[in-house]
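Read off the chains here:
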Amino acid sequence: MTGVLASQQISALIADGRISATTGVSPEQIQPASLDLRLGDVAYRVRASFLAGHGCTVADRLPEFEMHRIDLTQGAVLEKGCVYVVPLMESLDLPDSLQAVANAKSSTGRLDLLTRTITDGGTEFDRVPMGYSGPLYAEICPRSFSVLVRPGMRLNQIRFREGQAVLDDAALRQLHEDTPLVDGDAVISDGLGFSVDLRPAAGSLVGYRAKPHTGIIDLDRIGGYDPAEYWEEVHSSKGRIILDPGAFYILVSREAVHIPPAYAAEMAPYLAMVGEFRVHYAGFFDPGFGHDAAGGAGSRGVLEVRCHEAPFVLEHGQIVGRLVYERMSEVPDQLYGSGIKSNYQGQGLKLSKHFRAV
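Residues numbered from 1 in each chain as written. Predicted model: local features only at pLDDT ≥ 70, side-chain atom pairs only at ≥ 80, totals over all residues. Heavy atoms only, no water.

A. Fine view of unusual backbone geometry. If you check the backbone angles, Asp112 has positive phi at about 60° while not being a glycine. Within the secondary structure, Asp112 sits in the loop between α3 (106-110) and β9 (113-119). Accessibility expressed as a relative area gives 0% for Asp112, which makes it buried. (Helix = DSSP H or I, 4+ residues; strand = E, 2+ residues; numbered from the N terminus. Buried < 20%, exposed > 50% of the residue type's maximum accessible area, 1.4 Å probe, protein only.)

B. Just the nonpolar core, in detail. Membership of the largest hydrophobic core comes to 47 residues, with the highest contact counts inside it found for Leu39, Leu92, Ile158, Phe160, Ile217, Leu219 and Trp231. A per-element tally of this core places strand β7 (residues 83-93) first, with four residues. Residues contacting Leu219, with those up to four places away along its chain left out, are Leu111, Leu113, Val147, Leu148, Val149, Met153, Leu155 and His354. Grouped together as the second largest cluster of nonpolar side chains are 32 residues, Val182, Leu243, Ile259 and Val305 included. (Core = buried A, V, L, I, M, F, W, Y, C linked by side-chain atoms within 4.5 Å. Contact = heavy atoms within 4.5 Å.)

C. Just the sheet that holds strand β12 (residues 147-149), in detail. Pairing within the open sheet is mixed, and its three strands lie in the order β6-β12-β16. Two strands in the sheet have a free side with no partner beyond their single neighbour: β6 (76-78) and β16 (217-218). The sheet contact formed by β6 and β12 spans three bridges and is antiparallel. Pairing of Leu78 across the sheet is with Val147, part of β12. (Pairing = 2+ DSSP bridges.)

D. Seen up close, helix α2 (residues 58-65). The set of residues buried in α2 consists of Val58, Arg61, Leu62 and Phe65. Buried residues in α2, looked at end-on, bunch into an arc of 120°, giving them a common side. Along its buried surface, α2 packs onto β4 (42-46), β5 (66-71), β7, β9 and β11 (133-142). (Arc of directions from axis to C-beta.)

E. Layout of helix α4 (residues 169-178). Of all the positions in α4, only Asp169, Leu172, Leu175 and His176 are classed as buried. Buried residues of α4, seen end-on, are gathered within an arc of 120° and therefore sit on one face of the element. Away from the buried face of α4 by more than 90 degrees, exposed residues Ala170, Glu177 and Asp178 are located.

F. Layout of the pattern of salt bridges. Evaluation of the coordinates by the stated rule reveals 15 salt bridges. For Asp93, the salt bridge is made with Arg18, and the minimal N-O distance between the two is 3.8 Å. Highlighted residues: Asp93 in strand β7 and Arg18 in the loop between α1 (7-15) and β2 (19-21), separated in sequence by 75 residues. Residue Arg61 pairs with Glu64 through a salt bridge whose shortest N-O separation is 2.6 Å. Remark: Glu64 and Arg61 occur in helix α2; sequence separation between them is three residues, near one turn of the helix. You can call Glu64 partly exposed: its relative accessible area is 41%. A single salt-bridge network, built from bridges that share partners, covers Asp36, Lys105 and Arg154. (Salt bridge = Lys/Arg side-chain N within 4 Å of Asp/Glu carboxyl O.)

G. How the structure looks around the packing of aromatic side chains. Taken as a whole, this structure holds 10 aromatic pairs when the rule is applied. Here the aromatic rings of Tyr230 and Phe355 are separated by 5.5 Å at their centres, their planes lie at 65°, and the arrangement is edge-to-face. Pair noted here: Tyr230 is in helix α5 (residues 227-230) and Phe355 is in the segment after β25 (319-327), with a separation of 125 residues, a long-range link. A relative accessible area of 6% places Phe355 in the buried class. (Phe/Tyr/Trp six-rings, centres within 6.5 Å; stacked < 30°, edge-to-face > 60°.)

Here it is in structure tokens:
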């Protein structure tokens, strides 16, 4: 069953005890091609980000870096610029044929909330090796906004795969011919190229820039915040903007993207040589995203952009990322957007679900 595991296969792993949790896994956590992970009851404020390393557990290493621990049970604020490690409710006992990769959920990335998964013995973030048996932890670093969190909140997600099912460029071109993956010409080179839209069809609003000094965001409060309190609008009449070092932007792709039901995709950063910026924290695109039958015609990719050392001119149509497509092991029994309250199906330029519609 080579490929990314579908929702029904994830359910089978839970039933077999390969995925377990301190309070049981709820059906709402199961997505078409991933499982949402939940925060546990305590957060450890640490001096610096770290990996456990070969032969060591995260619990072994925590005393080296821990500054203090925070009880989350009544809700607690994770402060901007600080690094926290939170044990997750879920743990794994993977078979030798199965590996996993984790990523921030879409709403997490749109808040510039750097969230990565770490494991015992881990030497990479967000990577779970074949046959891993042990706990999972989230490393959380709020970059733009301080956030209020509670146990059970779902900031990151995990995708399981058996074997290698990434489509090479030839297979990707054939898939695009069979069922168009974008609404224009496909730029295919180590994946499907993703460009930025800085010439909107109406008006001049092309994105948002996070304000530097704001209030906290309660991650359970949906649609409750005024965007103007947290974001500056970014306008352009010339098809270009200048990114400021250290600033965080929400932009949108020029292309409407399609993920057919038998495939999943992950957004990967483009080559560093093209500019001093990084695109995306939340990289998973589920089967059915942008799929007509799931109500997604015209779904565009939201770009989470952070500029690095030097100001950089970003121009309309510039390639800023790429989508890597993989085959699903099975077609999921439920697609993205189809009856599962997906927040971003059919989207254009859009802030996270915590903000009122503009």
